[in-house]
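Close look at the chain arrangement
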Amino acid sequence: GGSWVQRLLGWARPERWLAPCSLFPVSCLHTTSTPLQKIGKWEKKNRIVYPPQLPGEPRRPAEIYHCRREIKYSKNKMWYLAKLIKGMSIDQALAQLEFSDKKGAKVIKEVLLEAQDLAVRKHNVEFKSNLHIAESLTGRGRYVKRIRYHARGMFGIMRINRCHYFVKLVEGPPPPPEPPRTGFDQAKEYVQELRNRTLINTL
Amino acid sequence: LVLVGSPLPPLRALLQRCWGRLRCGLLPSAPGGQSPPWGPALAVQAPAFLPQAASDASGSSAEAPGLWESILWMAVPKKRRTIEVNRCRRRHPSKLIKVKRNIDVCPECGNLKQKHVLCGYCYAKVRAEAQQIRMEIRKKEGGPFNAPTVETLVLYDGEKPTEKDEGKRIIERARKRPSWFTQN
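All values derive from a computational prediction rather than experimental measurement.

1. Things to note about the confidence of the model for chain B
- Taken residue by residue, chain B gives an average pLDDT of 81. The fraction at 70 or more is 71%.
- Scoring the predicted complex yields pTM 0.70 and, for the interface, ipTM 0.73.

Put into C-alpha cells, the structure is as follows:
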C-alpha cells in the first residue's frame, strides 16, 4: 500500500530537480548537515549577551573572541609567538609578527586581522586600532601518526602536530605592564606572612 | 643478508652479533635459526676478564674491545625531567622571542619596514618595473648573447635622449616615468 508511495516520494524529491534556482528553499542548517563540526567553546564565547547597562555604570569594553583550528604547526612553537604578543596593542602585535621569521607568525597575523575586521563589523568597535590583546593561547589539535622510514629496514613512528590558536581582543589601550617583583617586595611579603600567623591552642 | 667485509676480524664479529641481535629483536616470533634465543636485551655486566691476550690467538671469537664496555660510561639520563624543570628551561627569558625595536613606518608608502632593510612594498614595485624593462630588452635583443657593449638608457612616455646619451641603446617603456626612477 503506502510503501511504494513512500519510495516514490523519496525518489522524486523536487528540490533535487530544481537545484540551482530553489522554489523550495532548503535550509541546510537543520536538515542535511549533521552536527559533525561541534562549535567550540571559544567560538561560543562570542554569543553571550549582557543585559543593558544602567546609566551610572562605567562602559563595559567590547570583547572579541576569535580562533583558528587545526593549524599545521607545533603548539609548543606557537606558544612562543602567543607569549610575545600577550598584552600588546594590536598594531604593535601586527608589527612584531610581520618581521618574525617563524611559520606561525603569518598564521597569527591573519587571525588578528580577521578578528579586527570582525570587531569593527559585528561587535560595535569604533576604532580598529583601539584594541589590545587580552589573552592569546595555543591548544593541541588532532595529532596523526605516520611511519618514518630509517635505514636497514628500521622504522620510527612520527607524529604530525597540529594546533589551535585562540585570541581575545578587548577594546581600549593596553594595560600598563606590571612592575617586576623586586627583592624588597619579596621581603615585605615574607614579613607580612610571618605576621599573619595565628597561634593555635592559646588565648 | 650481506655484511660488509671489514678488515678487522673482531669488528666483523661485532657487526655480525649486532645484526643478529637486531634481527632477533625485530622478529622475535620467527628466529633466523642461526643464533639461540637471547636473554634480556641489555644485561651488560663488566666482563670478569678482558680477553686481550687471547684475541691474537683466536681470531673471530674474541670480544671486540671498545663499544660494549664503553656503554657503561655513556651519558644517560638518570631520572625523568619533571614538567616543572622542563618549563623552567623552555620559558627562560633567553628562549623567549625578543621584542623588536627597529620597526619604523616607510615615509613613501606608509607600510612597516625594518630600519636597516628596504621597504617590502616599495621594493616589490621596483622589482615589477625592472621585470618589465627586462622583457623589453629581451624583445629588442631577440635571443641570447646579443647584449650590445654600450650603455642602456630607459626612456618613458614623451622623453627624448639628450646629446650626452649619444651612443647608448634606448629601451622604450610605454608608461609614465615612476617617481622613484629619476632621470640622469
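2. Quick look at the nonpolar core
- Ranked by size, the top nonpolar core spans 28 residues in total, and within it Met 78, Ile 85, Ile 108, Leu 112, Tyr 165 and Leu 169 of chain A carry the most contacts.
- Counting only elements with at least two residues in this core, the list comes to β1 (63–71), α4 (75–85), α5 (90–98), α6 (103–122), β2 (131–140) and β5 (163–171) of chain A.
- By residue number, the principal contributor to this core is α6 of chain A, which donates seven residues.
- Beyond its immediate sequence surroundings of up to four residues, Tyr 165 of chain A is in contact with His 66, Cys 67, Arg 68, Ile 71, Met 78, Ala 82, Ile 85, Ile 108, Val 111, Ser 136, Leu 137 and Thr 138 of chain A.
- Judged by nonpolar contacts, the second largest core, of five residues, contains Ile 133, Ile 137, Val 154 and Ile 171 of chain B.

3. Describing α4 of chain A
- Looking at α4 of chain A, one finds that the buried residues are Met 78, Trp 79, Tyr 80, Leu 81, Ala 82, Leu 84 and Ile 85 of chain A.
- In this structure, the buried side of α4 of chain A is in contact with β1, α5, α6, β2 and β5 of chain A together with α4 (83–90) of chain B.
- Two to three positions downstream of the cap, the backbone nitrogen of Asn 76 of chain A sits 3.2 Å from a side-chain oxygen, assigning the N-cap of α4 of chain A to Ser 74 of chain A.

4. Notes on the sheet that holds β2 of chain A
Residue and element names in this part refer to chain A.
- Pairing is antiparallel in the open sheet, where three strands are placed in the order β1-β5-β2. For this open sheet the edge positions go to β1 and β2, each flanked by a neighbour on one side alone. With direction set aside, neighbouring strand axes in the sheet form an average angle of 15°.
- Where β1 meets β5, seven bridges bridge the pair, whose relative direction is antiparallel. Counterpart to Tyr 65 in the pairing with β5 is Lys 168.

5. Details of the side chain of Ser 89 of chain A
All names here are of chain A.
- Structurally, Ser 89 is set in the loop between α4 and α5.
- Given the relative accessible area of 17%, Ser 89 is considered buried.
- Among residues more than four places away in sequence, those in contact with Ser 89 are Leu 131, His 132 and Pro 174.

6. A few points about a nonpolar patch on the surface
All names here are of chain B.
- A surface patch of nonpolar side chains, amounting to about 460 Å² of accessible area, comprises Val 117, Leu 118, Tyr 123, Val 126 and Trp 180.
- Mapping Val 117 onto the fold places it in the loop between β2 (112–114) and α5 (120–141).
- Among the residues examined, Val 117 registers a relative accessible area of 36% and is labelled partly exposed.

Here is what the cut-offs are and how they apply
- Residues numbered from 1 in each chain as written.
- Chains lettered and ligands numbered in written order.
- Predicted model: local features only at pLDDT ≥ 70, side-chain atom pairs only at ≥ 80, totals over all residues.
- Heavy atoms only, no water.
- pLDDT = per-residue confidence, 0-100.
- Core = buried A, V, L, I, M, F, W, Y, C linked by side-chain atoms within 4.5 Å.
- Buried < 20%, exposed > 50% of the residue type's maximum accessible area, 1.4 Å probe, protein only.
- Helix = DSSP H or I, 4+ residues; strand = E, 2+ residues; numbered from the N terminus.
- Contact = heavy atoms within 4.5 Å.
- Polar contact = N/O pair within 3.5 Å; in protein donor to acceptor, adjacent residues only side chain to side chain.
- Pairing = 2+ DSSP bridges.
- Axes fitted to C-alpha atoms, helices over the stretch in contact; angles between N-to-C directions.
- Patch = residues over 30% accessible without salt bridge, like charges linked within 9 Å, V, L, I, M, F, W, Y side chains within 5 Å.
- Areas by Shrake-Rupley, 256 points an atom, 1.4 Å probe, with all protein chains shown as cover.
- Salt bridge = Lys/Arg side-chain N within 4 Å of Asp/Glu carboxyl O.

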